[in-house]
There are 2 protein chains.
Amino acid sequence: MSKLRIAIAGYGNLGRGVELAVRQNDDMELVGVFTRRDPSTVKTATGVSAYSMDDALNMRDAIDVMIICGGSATDLPKQTPELVKHFNVIDSFDTHARIPEHFANVDKAAKENNHLAMISLGWDPGLFSLNRLYAEAILPSGKTYTFWGKGVSQGHSDAIRRVDGVKKGIQYTVPVDEAMDAVRSGTLPELTTRQKHKRECFVVAEEGADLAKIENEIKTMKNYFDEYDTTVNFITDEEFDAVHNRMPHGGFVMRSGLTGIDEKTHHMIEYSIKLDSNPEFTASVLVCYARALGRLSAEGQTGCKTAFDIAPAYLSKLSGEQLRASLL
Amino acid sequence: MSKLRIAIAGYGNLGRGVELAVRQNDDMELVGVFTRRDPSTVKTATGVSAYSMDDALNMRDAIDVMIICGGSATDLPKQTPELVKHFNVIDSFDTHARIPEHFANVDKAAKENNHLAMISLGWDPGLFSLNRLYAEAILPSGKTYTFWGKGVSQGHSDAIRRVDGVKKGIQYTVPVDEAMDAVRSGTLPELTTRQKHKRECFVVAEEGADLAKIENEIKTMKNYFDEYDTTVNFITDEEFDAVHNRMPHGGFVMRSGLTGIDEKTHHMIEYSIKLDSNPEFTASVLVCYARALGRLSAEGQTGCKTAFDIAPAYLSKLSGEQLRASLL
């Protein structure tokens, strides 16, 4: 059987993760990386070729799935509906509130051009969404909780770095143990934003900066920090570079549900991930959905799909028979 | 929209669980319980009618999905291929080694009669299988571990009760904390049967029985206990009835996987359930897959399916639009 030919649009941390993940799947091969930068300036991790985005259309016949690795704020809302005119595409669009709008745009462009798209893949949205759906369908009477962390939030780290006097900054979102224990107790607690997560910041200040002022400015920042218990730790440049140079993340989806004659029998379903590299893991999710996309496209499907629409068997290299014998 | 009309074949703990789970889903209704016993002797939990299994065929047009609640050892291998000739059916067949054979039998009978079947639903096989598949597809380089418990094993409890001098007995399978911690450490340990689980037995002895002899007989029982660290606790009749009158269970599916340029970046995916009632939870899984079966059958699908073949969206009452807006 011929290999699934994958291309990457956009080469940052996520694109690099896709490049590495494709290598772990021997039924796929990487055609190349497409970039808006000068391709001669892009050094890929495995030596795969980089091309100008403008050349992508000429290579259309050599590409089965284009994995779009841009950002959700400004890249994907434009890129995905545009690229799906020419390719089968996957993205990791993660602005939850704007998913319906993004879906509609991509679905329309995909159907008009007989292509297939999958959007909002990764872990949240993505795997966490799947777990919310499965758990709520199984236990209709109950409550679902999502906790994020411990992990780096890019948006909050950026916000810290915009504060006057901050040279380097990183923010970890941390789920509160007491809140998770309360959920596990089966009491179906109502939890406030402050009760669920805390925010830990590590900051390298500019020389001579007013540390108290920086700390106060971070802690009171609207929308980012003011609704949370936030700690600000000032550290040295050296410690920052040595300790805070990675992008770990993780989180939990919990469903506490009740069954029985009086709905008094309690059940907990819990899904959690602990990732040493958020972009590498997200890339791994995108790549296994690329396999599903290749198969569904071969079946003639078009339009836009999400993780909810994909039968699990499509994700695996194994046949139905092998899956039933080994994993069921 | 008309409600999905569900019938139950076999009324034990699982059948009763299905009866109660259907009440939690307002897009379904229960037609009745079908039993091989004298139906006048069956008192259902909610007062739904019990009928003789022989009457099921006459009520064929009133039933959309028949949920078969028999045992895997002798009931389901016969009942499911037989009933699928006349109904769309679901079962919880859980003898892992015999799934391929059961699948083939059910698939053949289903296709010959234009019906749709789903087999081996519940949590293992079922939800645990799904989690093994998703996690292995996402992280192809790694190792998967399944732990069961703490929970009651029916087979092992039956084995205890067959020992001479035992009046009442129950067995709990308990995952070993140290083994789970070793998995979470990311070292991809090889774990023996003894290292993964231990077995805790609670026994009420007949008056005058030789306790040391009972304990020895249990601990050395081939296939059941000899490969495990087993503890035997002798308790009173009163304690047994007060404490050990429920069917809790649970377990863990863990995937430890590696990504990155040298496959040194570690990720853990962990799925766990903690159930106060194994049969009520298993029933809840069967019932939400009945919804999927009703929809897929309406689309004209026939043959045999497993959890691997069902796109998650089919399990939920919500529309695709609602799912994307609320759960994605």
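Residues numbered from 1 in each chain as written. Chains lettered and ligands numbered in written order. Predicted model: local features only at pLDDT ≥ 70, side-chain atom pairs only at ≥ 80, totals over all residues. Heavy atoms only, no water.

Caption draft 1: Structural context of the confidence of the model for chain A. Scored by pLDDT, chain A has a mean of 97; 100% of the residues are at 70 or more. Interface scoring of the predicted complex returns ipTM 0.97; its pTM is 0.97. (pLDDT = per-residue confidence, 0-100.)

Caption draft 2: Highlighting the nonpolar core. If you look at the biggest cluster of nonpolar residues, it comprises 157 residues, and the most contacted ones within it are Met66(A), Phe281(A), Tyr289(A), Met66(B), Phe281(B) and Tyr289(B). Other than its neighbours up to four places away in sequence, Met66(B) contacts Ala7(B), Ile8(B), Ala9(B), Phe34(B), Ala56(B), Phe87(B), Asn88(B), Val89(B) and Ile90(B). (Core = buried A, V, L, I, M, F, W, Y, C linked by side-chain atoms within 4.5 Å. Buried < 20%, exposed > 50% of the residue type's maximum accessible area, 1.4 Å probe, protein only. Contact = heavy atoms within 4.5 Å.)

Caption draft 3: The relation of the copies chain A and chain B, seen in detail. Relative to chain B, chain A is turned by 180° and slid 0.0 Å along the rotation axis, the superposed coordinates differing by an RMSD of 0.0 Å. Those values place the two copies in the arrangement expected of a two-fold rotation axis. It is Ala311(A) whose C-alpha, among those of chain A, lies nearest the rotation axis, at 1.9 Å. A high fraction, 100%, of the interface residues of chain A reappear at the interface in chain B, so the copies pair face to face through one surface. (Least-squares fit on C-alpha atoms with pLDDT ≥ 70 in both.)

Caption draft 4: Structural view of empty space enclosed by the protein. By the definition in use, this model includes two cavities of 30 Å³ or more. Together, Leu127(A), Leu130(A), Asn131(A), Tyr134(A), Tyr271(A), Leu127(B), Leu130(B), Asn131(B), Tyr134(B) and Tyr271(B) line the largest cavity. Contributions of two or more residues to the lining of the largest cavity are made by helix H4 (127–138) of chain A together with helix H4 (127–138) of chain B. A class-by-class count of the residues in the lining of the largest cavity yields eight nonpolar, two polar and no charged. Within this model, the second largest cavity holds a volume of roughly 40 Å³. If you go around the second largest cavity, the residues you meet are Asn131(A), Ala135(A), Val253(A), Met254(A), Arg255(A), Ile269(A), Glu270(A), Tyr271(A) and Tyr271(B). Listing elements by their share of the lining of the second largest cavity, those giving two or more residues are H4, strand S12 (249–259) and strand S13 (265–275) of chain A. When grouped by side-chain class, the residues that make up the lining of the second largest cavity number six nonpolar, one polar and two charged. (1 Å grid on protein atoms, 1.4 Å probe; cavity = no way out; pocket = protein on both sides within 12 Å on 5 of 7 lines; lining within 4 Å. Points joined across faces, edges and corners; volume = space filled by probe spheres on them. Helix = DSSP H or I, 4+ residues; strand = E, 2+ residues; numbered from the N terminus. Nonpolar A, V, L, I, M, F, W, Y, C, P; charged D, E, K, R; others polar.)

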